[in-house]
Every structure is written in structure tokens, then in C-alpha cells.
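# Understanding the architecture of this molecule
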2 protein chains.
Amino acid sequence: MLGSRFARQLVRVAALRDSRCRSLVVRTALTGHIIPDGRFYSSKIQPRLTSEAYPYVKRDPSFKKLTNEDVSFFKSVLSESEVLEASEAEDLAFYNEDWMRKYKGQSRIVLKPKSVEKISKIVKYCNEHRLALVPQGGNTGLVGGSVPVFDEIILSVSNLNQIRSFDAVSGILKCDAGVILENADNFLAEHGYIFPLDLGAKGSCHVGGVVATNAGGLRLLRYGSLHGSVLGLEAVLPNGEILNSMDALRKDNTGYDLKQLFIGSEGTIGIITGVSIMTPTRPKAFNVSFLAVDSYESVQKVFVKAKKDLSEILSAFEFMDCHSQALTKKHLPDAPYPFEDDYPFYVLIETSGANKEHDDAKLESFLESAMEEELVVDGVVAQDETELKNLWQWREMIPESSQAEGGVYKYDVSLPLQDLYSLVEAANVKLEEAGLVGDAPKPVIKAVGYGHVGDGNLHLNVAVREYSKEVEKALEPFVYEFVSSKHGSISAEHGLGFQKKNYVGYSKNKEEIKLMKDLKQHYDPNGILNPYKYI
Amino acid sequence: MLGSRFARQLVRVAALRDSRCRSLVVRTALTGHIIPDGRFYSSKIQPRLTSEAYPYVKRDPSFKKLTNEDVSFFKSVLSESEVLEASEAEDLAFYNEDWMRKYKGQSRIVLKPKSVEKISKIVKYCNEHRLALVPQGGNTGLVGGSVPVFDEIILSVSNLNQIRSFDAVSGILKCDAGVILENADNFLAEHGYIFPLDLGAKGSCHVGGVVATNAGGLRLLRYGSLHGSVLGLEAVLPNGEILNSMDALRKDNTGYDLKQLFIGSEGTIGIITGVSIMTPTRPKAFNVSFLAVDSYESVQKVFVKAKKDLSEILSAFEFMDCHSQALTKKHLPDAPYPFEDDYPFYVLIETSGANKEHDDAKLESFLESAMEEELVVDGVVAQDETELKNLWQWREMIPESSQAEGGVYKYDVSLPLQDLYSLVEAANVKLEEAGLVGDAPKPVIKAVGYGHVGDGNLHLNVAVREYSKEVEKALEPFVYEFVSSKHGSISAEHGLGFQKKNYVGYSKNKEEIKLMKDLKQHYDPNGILNPYKYI
């Protein structure tokens, strides 16, 4: 019976021969509610000022308040189009609010310099005058790291948006920090290369921003972390000095690898202005298979088998629990669901490679043997690009589905693989025991789990009808304590930002935190870069 | 004609189905001359004391000289077997001399602690008493970084040699720093995984040592740099504190990535004692093809084509010039050379993947089309494991062949791909112009070039009949200036050590050097760790 489903479905996947091999993943993360100025937000909620929502966070009195003299200085360095001041016509909400609309700063000025030298002059001035700065890229972060908390000056790199050079032999790209990720990837596609990182926010986020936050995303399983692929950086240090380490060499063992410090530093010790990165050859063929699995133990076994059998062509291994799919089906009642029955777990496998026939054969053989071994109980393989997109949406629409009935508490954690799903189970038990789960008027619909199994990265979403202190109390610090007890990370890919600044102790020990604080103090003794955040 | 050669040779490669898929690369780097204590050296030359060969380098008088009280302290922390003192029976040459026998220190004591806690106590004591220390792993470095310059205490991690844990689902290995690379790889082979780095010195070098020197080696093209694959480290800091960052998470964005600082820091800001690393699935099939190419421009075109056509299965792309092959043929007169004629350049391509038939088909199609496009003028494909090893030896034996008639000046540089070979041409012109090249008694036989084209890494070997000040003067600083003018790196993978400490300015700018010196000063204010080296 199960085999027959595959036998019916498992014909060779129809050709997806888009000559530029654009990424075939359905992009949903940046959909949402359009507000009058054309921006997309994830929520209609009007955000409260961060200073009001978190009254215990106080403005650092050592920071000077912006004066007319400061503005005059900025205008002496920058042209009119590079300075935005708050006015009746311009509330700067676009720059003060994060995409989730959870945080809102009160900056009165946004600087958008068109050169690195101008950034250098501004930062030097701000450091000498104790003016706090928030570096901002595409402002698509999920932890409030890219917006001011109080009146910090916003320094946007969006006017640094040029490709600097590309070597079509080595695949090394040099570009400004403000190049939009999708633009960089489209440019590379024309030359047969691919950006080694992909994100839902690719249409808005910047190359510099993904490096500053060490973003993970969908291609990490295949292409590894940015610590491996970034070859060089240009950054403006807190004292205004320009660090030019824009190396375009794959190997360079001449001293401490300084650029590594800036990858994932979230704008706290320097403003990244340029990136040199190694890009891989663009795959010619993509396949997607969506599988039903009857236990989390089997999910792990399917993963090991996929690594072994699909090996170098495996490019995504995502898992989803039945609860996440139940919410998504409800949210997308008309979308064609691949299965008639429900199963405890689902796995989405993507392959990409240089030869379609070979990839099809490997996938077919892997699936046949996974069924024979009874690791997989049902499954489908996309037969054309539409089916491929349809299958991806059951993974990609989970975030939106989770908050469709009110709100969602989101946790992005790393856990050892064997413990990955136990957090979701434990969260549901905890919420059940507190009597918070059930039909309305109970606040919680369900805690659902999904994520990048291949990277040990779980997204725990607690879907709620409304935000409530009771739910929050049941979840925190419980989730962080659970993650800590399993030696996991409380932030796998989203970073610390404002949201998790105070929780780093659940993932890092005292010695590590001491060294981090010491590093921040060493490079930014006045603390002007992205204050109130990170560490 | 050319096609027929391939048609004759290009039968499917015979099965190499070694169930453990051991690495098939011929190991030559650690062969050489056996001295009485059983150690292999590359040369019979008795090294001079570094202090005599480099009289301008002076012992730092701020370092205390070892006293009986110090030795008593060490003996109070360590057992008898963990302390080696110089005596009539024990000259400590094994620890004082590097493998190349170019450098020789005068240490009177070697400490080999069996626990991290003992290392911590020793380093703390040394820091408080201003006793300088040289951390030592397998002592296989090529720049004199792992041996004392004067009387520094040698701290060997060779007694920290246990695998700590391995997760066969995620492929994450945790081990002590002193585990020999080959032992780690053999352990992984048993579980179907592979160490993401391979070196000629694998039988001697340590996992901690390759991380401390950010070694590159033969698998970098496929698996990327250690900055991407190392997930966590344990290190003893210069003040004796133990930094435990032995994370086993593929994703962790909770603060500055401190471990990155230690990767490639050559023991100057901490002693690595433990490594957590992501390991990939072991390939099931290997292929090797050896090609003749008529220009360096074609070498680059073949590389671009190989990346495109072989894509995810390409695991090595090495090039060699005709001069390097002429030396090697002379050195190995009885070895079966694959070609009857001579060609200007040669390329060795290795593929590795999960499916032998697919890999063979990809390679065959690539080679056919490369010939049709006249990029490749002749070539062979290994048909069994013996042939595969034979083909690799024409690449792997170059270092030995280069010094067979006397000595060799070695340069390990990174250059932009289009400039890679021009250094060899320029070096030959320079040496010719100086009247130094020719038959005996001219000192220089030839400057030859080869290396990891895939990584932009050139090895320039100047084969000489004898070492001479004239040759040295013709080559230095010429080679460094050339590399600098092309924005290359004067050390692609060997590091700085003692040899290149004073040349870092050719690859790094003033701002970078200032930041590096500042980092060293910040973490090791007394300068006790690996002095006289690096930066």
C-alpha cells in the first residue's frame, strides 16, 4: 500500500530547467500586512515604544543627546539626500520599528552615507561626542537588534549598494554591505554561481546584515556557515578607523583572523561596509520530496540515511511535526495537501546537483530503500516546479500559520539531535499541566515544532489566541532552562539583539561571557555601537 | 589522436571498494631520513641552533630562566612520566628541532600533562613567574612555530589523546587536542564519516595542531576551512584560565564567536586542549584523472569547467608545471609516467561521491567535452587503486624531488587565480637575469610551480644544488613584493611561525597589524606564549 503511493508518485521529476536556476523556494517570511508606505509587516499591531514596554531598561546617561550642532556636522559631511530627520511628514517609523513590530525606538535622525569614508567620519565624531549609534541594514532581524531602543542615531548602509567585483574563475564576490541578498544572488546566477546562504527575507535583507548576524538559513546544510565562506570584510571600527580586510583569497594564514570577530557581532564592535565571499557553482537541478514518518527516532534515522545515500547532493533536510501541519492545513484550506492521512512527523528533503538524472536516480533509490526499511511510511516527490513550490509551502507557511489565530511565542534554539523534539513535548506537557491548552477561551492552541534538523536547529512556536502573562510565565525561563540542561543554544540563528541580551547565560558559561564583555569593552570603550543589546 | 588516448584509457575505473574508504592519497611528506631514535626528518643536515643562525634575534630578558624551584613545582603537579628533562641520555632533540631541521631550540624541559587541569596549573605558574612556553603538538609545522627559539619550556599536548565523544547522527566529533589526525580519521571511517581535512603529515600531526595553525591541505576545496567546520574549542589561556567552549552545535548565535580567534593563532594566545568538529559523510567512490594542458590560461578554463560539470563531486584540483614534472621524473626514473610527450602544464582532478557510476559518467562527460573544446590535450584516468596512487604521486612527490639534488627554497603563497603562475615565471626570469640558473656549478636547477589551484594556493619551489646567499638575495624580498603587489598572501597554509614573523607586512596592512599586536598584548600581556614568533 505505502509502496504503491510512491510507485504512483515516483516518476521522474519533470524538468525544472530554468536556465538561471533561480531558487525555487516559496518565500513567505516577508509577506504580511502592507501599511500605507508600502512596507510589509508581520503584524497589524501598532508597536509600543521599547522604552515603555521595557521600563526597567534605562537610557545610558553617558550618551549625549543629539543637538543642532551635531546635525550641522552630519550635514557638513553628508549631502541632503543622505540625512533624514524626523518631521511632521517623516516619522522615521520605517527605521525605528522592526519588521515584527515588537520594538520601537525614538530616533530623530537617520544617516545614509554613500561612502565608507563618510561613515568613518561620522563614527569618529559620534565616538568623540558620545553619541550612540545603531547600524542598520535591511532591518529584517527577529530579535530587535537593528532598531534603536531610545534616541540612538540610525546609521543605515542602504546607500552602499554596489557589487565591487566578481571573479568568474574563483567565484569570489566583493560587494558593499548594503547590497540586497537577492540582488547579489541574481547577479551571481548570471555567472553560474549561487550565494551560499538563502533566507526568507532575501528580498529585503543586506549582505552586510547577514554577515553581521551570522545568518543561517536554508543552505547551511550544504554550504556551511559564513565563518567558512566569508573571505574578507571591510568595517568601520567604533573609533572611526576603517579596517580594510577585503581579502579575496581562499587561504591566508598570516595572523589572527580578525574578520571572524565581526561575523555575528551584530554591529556592536564595528559597522561592516564591505564583504568578500566565496560563492559555489549554482546547481543545475533541484528535487523535493515530502515524507511521512511515524516517530522522531525514525526522523533521525532518515536523516542519517539521507546523509549517506544522498551525500553530496543533499541540500535541505527539514522536519515538521503533525501539530504544525494541522495549523497550516487550517490556514491554507484550499492548498493541495500531499497526504490523505495524518502522521506524527514529516520530513522535507531537497537535493540539488549538477546532473538531474543522477540526482533522480539517487533520490529514487534512497526512497525505495527507506520504505523497505520502514523508516518512511508515505511520501511524494515533486514532479514539476509547481509541485516543488507546493511541497515547500508546507514547511515555509508554518510561521504565518502559527500566529494566524492571534499570536505566537517563538523560540529558535539549537539542541543535540536526539533531544531536539523533546523540547516541544516538554513544552506541551508544561502548558497542559498549567491548564492553558485547549479550545477557546484557553489561550494556547498548541506548541508546535519544526526546523532545520540537518543543522540541529529547532523552531518551537507556541500558537496562542492572545498574549498572556500566564503563558509567558509557563514558558520562560522553562524553555531556556531546558535548552541549557541539554547544552543547546538559546539562539541558533536569530542572534541575541535586544530580546535575548539577558539570557545569554543559558548558553554561555561565565568565562565565555566575561571574555565577550571584555572584547566589547576593548573595542568600544565608550559603548556607542548598538547599546542595550547583545552582551 | 588525442581522443583515442582517452578512448583507450577511459574505461570505467575499476572498483575501489575498500569498505572503509581509506584515503587513497600517496603520503610522502613525512618520509625522509630516519634517525636513530626512529624519527623521520626531511633532511640529513644537522640543524644549527636558531639563536646562532639568527643572531639578531635576542632572548627577551624579561623571561625568567628555569630554576630548580620551577622544576620542583612542575613535578608537584605532574607525575614522573609527564616531565622530561635534558640529560646525558636525553637531549630533547625530538622536541627542540622542527621536522625540516631548519630550527633548533635549547629547551631543557618538556612537560607532557595528562589533563587540562594540569596544563592550566602550569600555565598559571609560568605566567606568574614569567616563564616562556612553547605549545607543541605533532611538531610537523613548516615555519618553525612549534619549537623553542631559546630556552622556552616545551608544553606538549601529546598525552591528551582521547576521542571524547562522537554523535553518529550529526557527525559531530569531540576529541582531545593531542589526537593524531590519522587516528581521528580512522575512527571516523569506522562510522562512515571523514575528517574534513587531510595532510601529508596526517600520521604525526595533531588535531589541535591543525586547528591552531588553521591547516589547509587536500580537502579544503570540498569541505571548506576549519573556520567553518570547527564547532567548539577548549583552550588554556595565557593566565591559566580554562576556556570551555566545546560546543557541539552546528548553529549558535549567542555572542562573539571566541573560538575563531584561536583557529590559526599558532599557540600565541592560548593552548588548544580540545576540539569539537563537524565531520562530513565519507564518500564511497574516488576517481583520479591526470591531464595535460598547453597553457596556464587553459588550466583556469579547465578549472571553471570542472567546477561547473563536476560540481559537488569535485574534491581536488591540483596543477603542476612541466618543470616540476621534469624534476619528479628524474627523481623517480622507474615510475610509470602517464604521458609519452611533455606538455607545459598538468592538472590532477579527483572526484569523490556517493555513487561510483554517477561519478564515472560525470567525469567521462567532462573529459570528452574538455577535449572537444581543446582545453585538454592529453589525459589518463586511473583504472584501479594502484593507478590512482601512481597518478597522485606525480603531484605528491614534487616536494621531495625539488630538494633531491641539494636543497630547496620553498614559498607557500596565495594569489588571485589569474596571477598564480606568473610568480613562477617572474622568479625564473629573476634568477636567469642574475645568471644563477643552469648546469652545475650554477646553484639553481629551476624554479618550479604547483599547488592547489582550486584554493588559489601556489607552492613555488626553487630547486638548488646548494644554499647560497646570492640565490636568497635574488628571491627575497622579491617573492614577497610580488605577492604583495598582487594582493596575495605570503602564507597560504603554512602559517607565520618564526620564519615569516617579520614579513607579515607584505600581506597585511598597518591597521590589521596594529589590531593583531593589540590582540596579542590584550590576551597575553606578559608575552609568555610562543614568543619570538607570529606577529
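The structure we're discussing is the one just above.
Here's a quick rundown of the structure. (Residues numbered from 1 in each chain as written. Chains lettered and ligands numbered in written order. Predicted model: local features only at pLDDT ≥ 70, side-chain atom pairs only at ≥ 80, totals over all residues. Heavy atoms only, no water.)

## Regarding the overall build of chain A
When you go through chain A residue by residue, the secondary structure sums to 19 helices and 18 strands. For chain A, the spread of C-alpha atoms along the principal axes amounts to about 75 × 60 × 50 Å. For chain A, with 535 residues in total, the buried portion stands at 63%. If you take every contact in chain A between residues at least 6 apart in sequence, the share linking residues at least 24 apart comes to 76%. Carbon together with sulfur atoms contributes 50% to the accessible area of chain A, which is approximately 19,500 Å² in total. (Helix = DSSP H or I, 4+ residues; strand = E, 2+ residues; numbered from the N terminus. Buried < 20%, exposed > 50% of the residue type's maximum accessible area, 1.4 Å probe, protein only. Contact = heavy atoms within 4.5 Å. Areas by Shrake-Rupley, 256 points an atom, 1.4 Å probe, with all protein chains shown as cover.)

## Examining the relation of the copies chain B and chain A
Of the transformation superimposing chain B on chain A, the axial component is 0.0 Å and the angular component is 180 degrees, with the fit at an RMSD of 0.0 Å. The two molecules are tied by a two-fold rotation axis, judged by turn and shift. Within chain B, the C-alpha atom positioned nearest to the axis of rotation is that of G228 of chain B, 1.9 Å from it. Most of the interface of chain B is mirrored in chain A, where 100% of its interface residues again form contacts. (Least-squares fit on C-alpha atoms with pLDDT ≥ 70 in both.)

## Considerations on the environment of K508 of chain A
On the secondary structure map, K508 of chain A appears in the loop between α18 (478-485) and α19 (510-523). Look at K508 of chain A and you get buried, because its relative accessible area is 8%. For the pair formed by K508 of chain A and F74 of chain A, sequence separation is 434 residues and the distance between their alpha carbons is 39 Å. With sequence-adjacent residues up to four places away left out, K508 of chain A is seen in contact with I513 and M516 of chain A together with D247, D252 and T254 of chain B. A polar contact of 2.5 Å, which involves the side chain of K508 of chain A, links it to the side chain of D252 of chain B. (Polar contact = N/O pair within 3.5 Å; in protein donor to acceptor, adjacent residues only side chain to side chain.)

## Digging into the environment of V157 of chain B
Residue and element names in this part refer to chain B. Secondary-structure assignment places V157 in the loop between β6 (153-156) and β7 (163-167). The class for V157 is buried, based on a relative accessible area of 6%. Sequence separation between V157 and G208 is 51 residues, and the spatial gap between their C-alpha atoms is 8.5 Å. Discounting chain neighbours no more than four positions away, the residues touching V157 are I119, Q136, G137, A177, G178, H206, I271 and I272.

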